[in-house]
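In case you want the letters, here they are:
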Amino acid sequence: MPKAFSPKNTRASSLAADMQEGKRVLSLSEPILGEAEKQALCAVIDSNWLTMGDRVIQFERAFADLHGAFDAVAVSSCTAGLHLCLQALGVGPGDEVLVPSLTFVATANAVLYAGASPVFVDIESERLPHISLEEAATRCTPRTKAAIVMHYGGYLVDMPAWRSFADKRGILLIEDAAHAPATGEVGRLSDASAFSFFTNKNMSTAEGGMVLAREKSVLDLVRRMRSHGMTTGTLDRHRGHAYSYDVTTLGYNYRMDELRAAVGAIQLKRLPEWNGRRRELSKDYRKKLAAALPEIEIPFTGEHQTASHLMPVLLPAGTNRAKVMTALREAGIQTSIHYPPVHLFSYYRNLIPAESLPNTEAFCSRELSLPLHPSLDEDDVTRVVTALKDAFSS
Ligand SMILES: *Cc1c(COP(=O)(O)O)cnc(C)c1O
């Protein structure tokens, strides 16, 4: 049988089509899936129970344990999770929610789903691209009900400082933890947090998310809202524990299915090891970039607690970033920008006019994200740094 037909080589051969000068394409991110995931999916199919069964419960249990939480609720995405966090905490029409603009658009969208108004807050600085506490204080009004912080690139926001800010002002604190699963105290100091298992995150279920909360009553409400606001689950009814149900609140269909939960449970076991590998590769990038391209700045420090979700660098102001990205693409290296600021998207510009966030705008005009995922090795890092240097000297 030709090599390309064995399952293991299918992906290699599709990558081969994109090979440049005989070199493997270095993608920005890449999920790691294998035999264990395949077997787990087959087992779900053989069981003939496809959604909201024991595998979802087991995945929730394992995720809660890994984060030192009493419980967790699996959902269909982090976006759905953020919506449920806001809704279950009672954030709604008339309320304002402080959010970073340097984030994926879902953070702000979730506030709109809840009927509340996002209030964009600038980042601390280009070297510390987290939502700024000082700036947040100036954006507070009597209507401010909550703040959502986002652990940009996996680098943890100063949660103790945010907790005391929230307590002092009597507002709720929510974490968009899409970038930082299984890192430090993530999910422990906020009122609720949402995680993502989208394909490009540190672990994946293709689509999926998880919610943690400080209070059991909030998490119970999230669990009910995930499934139409119904008081009992499918499994309970199937097992005869409940023959009927009530609907006590407005709910949604934000459930996770058994297939995703089965994959998630396997991915979760490897998450700490993958995060560790990401941290090593990030440190290697820092070292090699500092030696080869001292004019390039790297946000945060090598000591910052992080899940190393992204490898962001700041090109010198005035660099033609599009040209650099094209040169890297031609060298078989994928790059991206994290993120175009949310407040500058046309939808948000129309909604919230005359917003100016100078640090966010400066950061986003210079930022470039380099390939970072556990399948890379130190030679790949060297290749990226060399290609970047070539792009600058050409
Ligand atoms: C990926 C991401 C989301 C959305 O996650 P989904 O699971 O795709 O809904 C939200 N916020 C941030 C910061 C993200 O990176």
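Predicted model, so just to flag it, every value in this text is computed and none were measured.

**Student:** How should the nonpolar core be read in this particular structure?
**Tutor:** Inside soluble globular proteins, nonpolar side chains tend to come together where they are buried. Grouped together as the largest cluster of nonpolar side chains are 38 residues, with contacts concentrated most on Leu 86, Val 97 and Phe 120. A per-element tally of this core places helix α4 (residues 78–88) first, with seven residues. Apart from the residues lying within four places of it in its own chain, the contact partners of Phe 120 are Val 99, Pro 100, Ser 101, Ala 108, Arg 139, Val 342, His 343, Tyr 348, Ile 352, Glu 355 and Leu 357. Residues Ile 333, Val 381, Val 385 and Leu 388 belong to the second largest nonpolar core, which totals 24 residues.

**Student:** Mind showing me how you'd approach the site of the ligand here?
**Tutor:** The full set close to the ligand counts 15 residues, and Thr 79, Asp 176, His 179, Ser 196 and Lys 201 are the nearest of them. Here Lys 201 contributes a side-chain N or O atom positioned 3.3 Å from an oxygen atom of the ligand. Computed on the free molecule, the ligand has an accessible area of 380 Å², of which 93% lies beneath the protein chains in the complex. Taken together, the residues of the shell around the ligand break down into seven nonpolar, six polar and two charged.

**Student:** Sorry, what's going on with the packing of aromatic side chains here?
**Tutor:** The way to describe two aromatic rings as a pair is by their centre distance and the angle between their planes. In total, this model carries eleven aromatic pairs according to the counting rule given. Seen in terms of ring centroids, Trp 162 and Phe 165 are 5.3 Å apart; in terms of plane orientation they differ by 70 degrees. Their pairing is edge-to-face. In this pair, Trp 162 and Phe 165 both sit in helix α7 (residues 159–169), three residues apart, roughly one turn of the helix. Comparing Trp 162 with Phe 165 shows no difference in burial state: the two are buried.

Cut-offs applied
Each residue is numbered by its place in its chain's sequence as written, counting from 1. Selection of residues for local features in this predicted model requires a pLDDT of at least 70, selection of side-chain atom pairs for listing and counting requires 80 or more, and totals for whole chains, interfaces and linings are taken over all residues. The side-chain values count all of the structure's non-hydrogen atoms but skip hydrogen atoms and water molecules. What makes a nonpolar core is a set of buried Ala, Val, Leu, Ile, Met, Phe, Trp, Tyr and Cys residues whose side-chain atoms join them at distances within 4.5 Å. Think of it in three bands: residues with accessible area under 20% of the maximum for their type are buried, residues over 50% are exposed, and the middle band is partly exposed, with areas taken using a 1.4 Å probe on protein chains only. A run of H or I in DSSP counts as a helix once it spans at least four residues, and a run of E counts as a strand once it spans at least two, with each numbered from the N terminus. Between two residues, a contact is recorded if the distance between any of their heavy atoms is within 4.5 Å. Whether a residue is near a molecule or strand depends on its heavy atoms: it is near if one of them lies within 4 Å of it. Counting of polar contacts relies on pairs of N or O atoms within 3.5 Å, with two restrictions inside protein: one atom must be capable of donating a hydrogen and the other of accepting it, and residues adjacent in sequence are counted only when both atoms are side-chain atoms. To be clear on the numbers: accessible area is Shrake-Rupley with a 1.4 Å probe, and residue cover counts the displayed protein chains and nothing else. Ten residues, namely Ala, Val, Leu, Ile, Met, Phe, Trp, Tyr, Cys and Pro, are considered nonpolar, four, namely Asp, Glu, Lys and Arg, are considered charged, and the remaining ones, Gly among them, are considered polar. By convention, a stacked pair of Phe, Tyr or Trp rings (six-membered ring in the case of Trp) has centres within 6.5 Å and planes under 30 degrees apart, an edge-to-face pair has planes over 60 apart, and any other such pair is tilted.

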